[in-house]
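Observations on chain architecture
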Amino acid sequence: FMDHGLAIAWMKDEEGRHVYLNQVFERRFRMTEDQWRGRTDAELFPPEIARIFQEHDRMVLVDGVAREFPEVAPDPDGTLRDWWVIKFPFDDRAGRRYVGGVAIDVTDRKRAEAALQVSEAQLRAILDHSPALIFLKDIAGRYLDVNRQFEQAFGLSREMILGRTDAELFSPEQARTFGDNDRMVLDAKRPLQFEEVALYGDGFHTSLVVKFPLLLEDGTPYAVGGVATDITDRKRAEAALAQARDQAMDAARIKSEF
């Protein structure tokens, strides 16, 4: 069992001398039994790495309980790898104390997590520097995420918004409009465009809002996303232009009558 798994495993006596390595350990670090048996970490690994191993062993022996540690160890080619390690104390029948250990190489996972963190940070930077309001809600209408522009427009922090619905954040009429449009998108299962009027911190604004469903592999919607572009100034300009056109037409009609 120990020799055919993915984890490396070992046992050391109270003085830190290795008394057991499984074959996975031997293959991974290219050690034969005559190379490791009776030797300490200081004889097998670089000094700084051996010191950390020994400190963790000591903690387990002092506490008398199993503990988990992140540890770094070099492959035979010198490449440092990250390991998730469980160490535990035990005694043999004669009362001699030992430290056992099992470890899994988590280097690739940690790299993937680091890459994901970078990707998420980049996405967050894009969202927060967008002039548009951007939001994401689950199918129950609870906010899952908003960008900084959304927070600033409504004078609300992300902590106040996330997990709440439109009915908890906005006026009944405004919440009803938002909710109706969300449901239309969920029912259509495709992006739709709306004009929505909302009360910002500085008054009413009209936005052109593109809402889109997020779908599971089977086509079931699980969230609604939205991007809202403020068109208040454009609407005012259009209204002013229409008013000026009407006035010009009225003036021309009056002039023709005389």
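Described below are features of the structure shown in this document. Treat the numbers as computed from the prediction; the structure is a model and nothing was measured.

Looking at the sheet that holds strand β4 (residues 80–91)
Taken together, the 5 strands give an open sheet; going across it, the order is β2-β1-β5-β4-β3, and neighbouring strands pair in antiparallel fashion. The open sheet is flanked by β2 (18–21) and β3 (67–74), the only strands paired with a single partner. Strand-to-strand twist across the sheet, computed as the mean angle between neighbouring axes with direction ignored, equals 30°. Two strands pair when backbone bridges link them, and β4 and strand β5 (residues 97–105) are joined in this way by 9 bridges, in the antiparallel orientation. Bridge pairing in β5 places Pro 89 opposite Val 99. Across the face of the sheet, helix α4 (residues 47–63) comes into contact with β1 (8–13), β3, β4 and β5 while running at roughly 165° to β3. Packing of helix α5 (residues 107–129) onto the sheet brings it into contact with β4 and β5, and relative to β4 it is tilted by some 125°.

Remarks on a nonpolar patch on the surface
Side chains of Phe 1, Met 2, Phe 88 and Val 102 sit close together on the surface and give an oily, nonpolar patch of about 410 Å² of accessible area. Residue position: Phe 88 is located in strand β4. Take Phe 88: its relative accessible area is 31%, and that puts it in the partly exposed class.

A short note on the sheet that holds strand β6 (residues 133–138)
The strands making up a sheet are joined through hydrogen bonds of the backbone, oriented either antiparallel or parallel. The strand order across the open sheet formed by 5 strands is β7-β6-β10-β9-β8, and the pairing between neighbours is antiparallel. The sheet is open, and its two edges are formed by β7 (143–146) and β8 (192–200), each paired on a single side. Between one strand axis and the next, the sheet turns through 25° on average, direction left out of account. Looking at chain direction, β8 and strand β9 (residues 203–215) are connected through 9 bridges and run antiparallel. Each residue of the ladder has a partner; that of Tyr 200, found in β9, is Gly 203. Packing of helix α9 (residues 172–188) onto the sheet brings it into contact with β6, β8, β9 and β10 (221–230), and relative to β8 it is tilted by some 160°.

Details of the side chain of Asp 138
Inspection of the secondary structure puts Asp 138 in strand β6. Looking at Asp 138, the relative accessible area reads 13%, which means it is buried. For Asp 138, the residues in contact, after removing those within four places along its chain, are Leu 144, Tyr 222 and Ala 223.

Scoring rules and cut-offs
Numbering of residues begins from 1 in every chain and follows the order in which that chain's sequence is written. The predicted origin of the model limits local features to residues at a pLDDT of at least 70 and limits the giving and counting of side-chain atom pairs to 80 or more, whereas totals for whole chains, interfaces and linings rest on all residues. Based on all heavy atoms of the structure, the side-chain values leave hydrogens and waters out of the count. At least two bridges found by DSSP between two strands are what make those strands a pair. In DSSP terms, a helix is any run of H or I states spanning at least four residues, a strand is any run of E spanning at least two, and both are numbered starting from the N terminus. Only the stretch in contact is used when fitting a helix axis, every axis being a line fitted to C-alpha atoms; angles between N-to-C directions are given from 0 to 180 degrees. Residue contacts are counted whenever heavy atoms from the two residues lie within 4.5 Å of one another. Patch membership needs two things, relative accessible area over 30% and no salt bridge, and members are linked within 9 Å if like-charged or within 5 Å if nonpolar (Val, Leu, Ile, Met, Phe, Trp, Tyr). Every accessible area reported is derived by Shrake-Rupley at a probe size of 1.4 Å, with residue values counting cover from the shown protein chains alone. A carboxyl oxygen of Asp or Glu within 4 Å of a side-chain nitrogen of Lys or Arg is what we treat as a salt bridge. Think of it in three bands: residues with accessible area under 20% of the maximum for their type are buried, residues over 50% are exposed, and the middle band is partly exposed, with areas taken using a 1.4 Å probe on protein chains only.

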